[in-house]
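# Residue-level structural notes
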Amino acid sequence: MLRTSASRVLDDNDRDEVLALLDSDPVANVFVASRVRMVGLNPARLGGQMWGFGPRGALVSLCYAGANMVPVNAGPEAVAAFADRARRQGRRCSSIVGPVEAVEPLWERLEPYWGRARAIRWRQPVLATSRKPPVAADPLVRRARPDDFDVVLPACVAMFTEEVGVSPNLGDGGALYRTRVSELIRIGRSYVRIEDGRVVFKAEIGAVTPQACQIQGVWVAPERRGEGHAVAGMAAVVEASLACFAPLVTLYVNDFNHAARAVYRKVGFREVDTFMSVLF
């Protein structure tokens, strides 16, 4: 019999139970739930493993271990079990991200073995809204088209580099990142305002479930900041998200990014949780 103190690798036989656990907190779990709904739990399709804590039929916690490590509903015993498996496996992720109450103790256990992180975002407010924004939406924000790719990609690279601190072109020359940008455009989840062949504002819907969707990659061209594009652009993206994707829209932001937090408050977001990210 499986010891409840040990984690195990899940597969598609666990899908229904995994989704039930993920759906218990649709905002915190939107990224992982989106992946599972899209491709299932086979590691080859998932792009990593899903670890479970608790026996089949009584799952308590999960941990997505792919390009990112994301604990789900992980209390102290689950954190210890996931840390033990991650320590034995060795670091394969580029970040650990999730609720601060799970990520912080998980990192405390892993840091002695994995070494120092490149950066730590200790507190990242998680925001959500289910209402039409109380401010006017930018009518020039639209879905990006495939023929916009060469214009959109440089803005995406600039956003990523500014936010994460390293270029997405490192390692594989940016091939995976270009593929992701292209895919979001193809499936209609990239929104832009383009003027004179340059992106003024952009944002993407990075994850979608029937319950919630998550906005990511919000960016305004540096020379156009302070003109109101962030508020009006976000209002347009929230309206589109509520109309096209899910009844609840969410995102998370660094606590020190006061300008962005002010924008999101104006658009109607409220704080519902706190994340933490460890970046390698």
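How each quantity is defined
Every residue gets a number counted from 1 within its own chain, in the order that chain's sequence is written. Restriction of local features to residues with pLDDT of at least 70 applies here, the model being predicted, together with a cutoff of 80 or more for giving and counting side-chain atom pairs; totals for whole chains, interfaces and linings are based on all residues. Side-chain numbers come from the whole structure's heavy atoms, not from hydrogens or water. By definition, a salt bridge exists where a carboxyl oxygen of Asp or Glu is found within 4 Å of a side-chain nitrogen of Lys or Arg. Strands here mean DSSP runs of E at least two residues long; helices mean DSSP runs of H or I at least four residues long; both are numbered from the N terminus. A pair of Phe, Tyr and Trp rings is counted when the ring centres sit within 6.5 Å of each other, with Trp represented by its six-membered ring. The angle between the planes then sorts it: under 30 degrees is stacked, over 60 is edge-to-face, the rest tilted. Only protein chains enter the area calculation, which uses a 1.4 Å probe; residues under 20% of their type maximum are buried, those over 50% are exposed, and those in between are partly exposed. Any Lys NZ or Arg CZ that is within 6 Å of a ring centre and within 35 degrees of that ring's normal is treated as a charge sitting over the ring. A fitted line through C-alpha atoms serves as each axis, taken over the contacting stretch for helices, and the angle formed by two N-to-C directions is quoted from 0 to 180°. An angle below 35 degrees is treated as roughly parallel, one above 145 as roughly antiparallel, one from 65 to 115 as roughly perpendicular, and anything else as oblique. By convention, the crossing between two helices is left-handed when the near helix turns anticlockwise from the far helix through less than a right angle, and right-handed when the turn is clockwise. Contacts were defined at the residue level, with two residues in contact if any of their heavy atoms lie within 4.5 Å. Site definitions follow a grid-based scheme: protein atoms alone, a 1 Å grid, a 1.4 Å probe that fits but cannot get out for cavities, and for pockets an open set with protein on both sides within 12 Å along at least five of seven lines, plus lining residues having an atom within 4 Å of a point. Grid points are joined across faces, edges and corners, and a volume is the space filled by probe spheres set on the points. When residue character is reported, Ala, Val, Leu, Ile, Met, Phe, Trp, Tyr, Cys and Pro are called nonpolar, Asp, Glu, Lys and Arg charged, and the others, Gly included, polar.

Overall, the coordinates contain 18 salt bridges when judged by the stated rule. In this structure, Glu104 engages Arg123 in a salt bridge whose closest nitrogen and oxygen atoms are separated by 3.7 Å. With Glu104 in helix α5 (residues 100-114) and Arg123 in strand β6 (residues 119-129), this residue pair connects regions lying 19 residues apart in the sequence. Here Asp147 and Arg145 are joined by a salt bridge, their closest N and O atoms 3.4 Å apart.

What follows deals with the packing of aromatic side chains. Across all of its chains, the model carries 7 aromatic pairs by this definition. With a centroid separation of 5.8 Å and 75 degrees between ring planes, the pair formed by Phe31 and Tyr64 is classed as edge-to-face. Taken together, the residues Phe31 in helix α2 (residues 30-39) and Tyr64 in strand β3 (residues 61-65) connect sequence positions 33 residues apart. Residue class for Phe31 comes out partly exposed when judged on its relative accessible area of 26%. With relative accessibility at 5%, the residue Tyr64 sits in the buried group. Among the aromatic residues, those joined into a cluster by ring pairs are Trp107, Trp114 and Phe280. The residue whose ring lies beneath Arg85 is Trp51, and the NZ or CZ to ring-centre distance is 5.8 Å. Positioned over the ring face of Tyr113 is Arg87, at 5.3 Å from the centre of the ring.

Here the focus is the packing of helix α8 (residues 229-244) against helix α9 (residues 258-267). For the pair α8 and α9, interaxial distance at closest approach is 9 Å and the crossing angle is 50 degrees. Judged on the interaxial angle alone, α9 and α8 are oblique. When the axes of α8 and α9 are compared, the crossing they make is right-handed. Residues Ala230, Val231, Met234, Ala235 and Val238 of α8 touch α9, and the partners they reach there are Val263, Tyr264, Lys266 and Val267.

A probe as big as a water molecule, rolled over the atoms, marks out the empty space that is left. Within this model, the second largest pocket holds a volume of roughly 160 Å³. As for the second largest pocket, its lining consists of 13 residues, of which Asp25, Val72, Asn73, Ala74 and Pro99 are closest to the centre. Mapped onto the lining of the second largest pocket, the elements with two or more residues apiece are β4 (68-72) and α5. For the lining of the second largest pocket, the per-class residue count stands at 7 nonpolar, 3 polar and 3 charged.

Our next topic: the packing of helix α6 (residues 149-164) against helix α7 (residues 175-186). Packed helix pairs are characterised by how far apart their axes lie and by the angle those axes make with each other. Contact geometry of α6 with α7 gives a least axis separation of 10 Å together with a crossing angle of 120 degrees. Relative to α7, the element α6 lies oblique. You can see that α6 and α7 cross each other, and the crossing is right-handed. Counting all contacts with α6, which are made through Phe149, Val152, Leu153, Cys156, Val157, Met159 and Phe160, the residues of α7 involved are Tyr177, Arg178, Val181, Ser182 and Ile185. Of the residues assigned to the contact of α6 with α7, the class counts are 10 nonpolar, 1 polar and 1 charged.

Glancing now at unusual backbone geometry. For Asn73, which is not glycine, the phi torsion reads 50 degrees and is therefore positive. On the secondary structure map, Asn73 appears in the loop between β4 and α4 (76-89). Positive phi is not limited to glycine here, since Asp196 has a value of about 50 degrees.

All right, on to α2 then. Listing the buried residues of α2 in full gives Val30, Val32, Ala33, Ser34 and Val36. Two residues or fewer after α2 comes Gly40, characterised by a positive phi angle close to 85 degrees.

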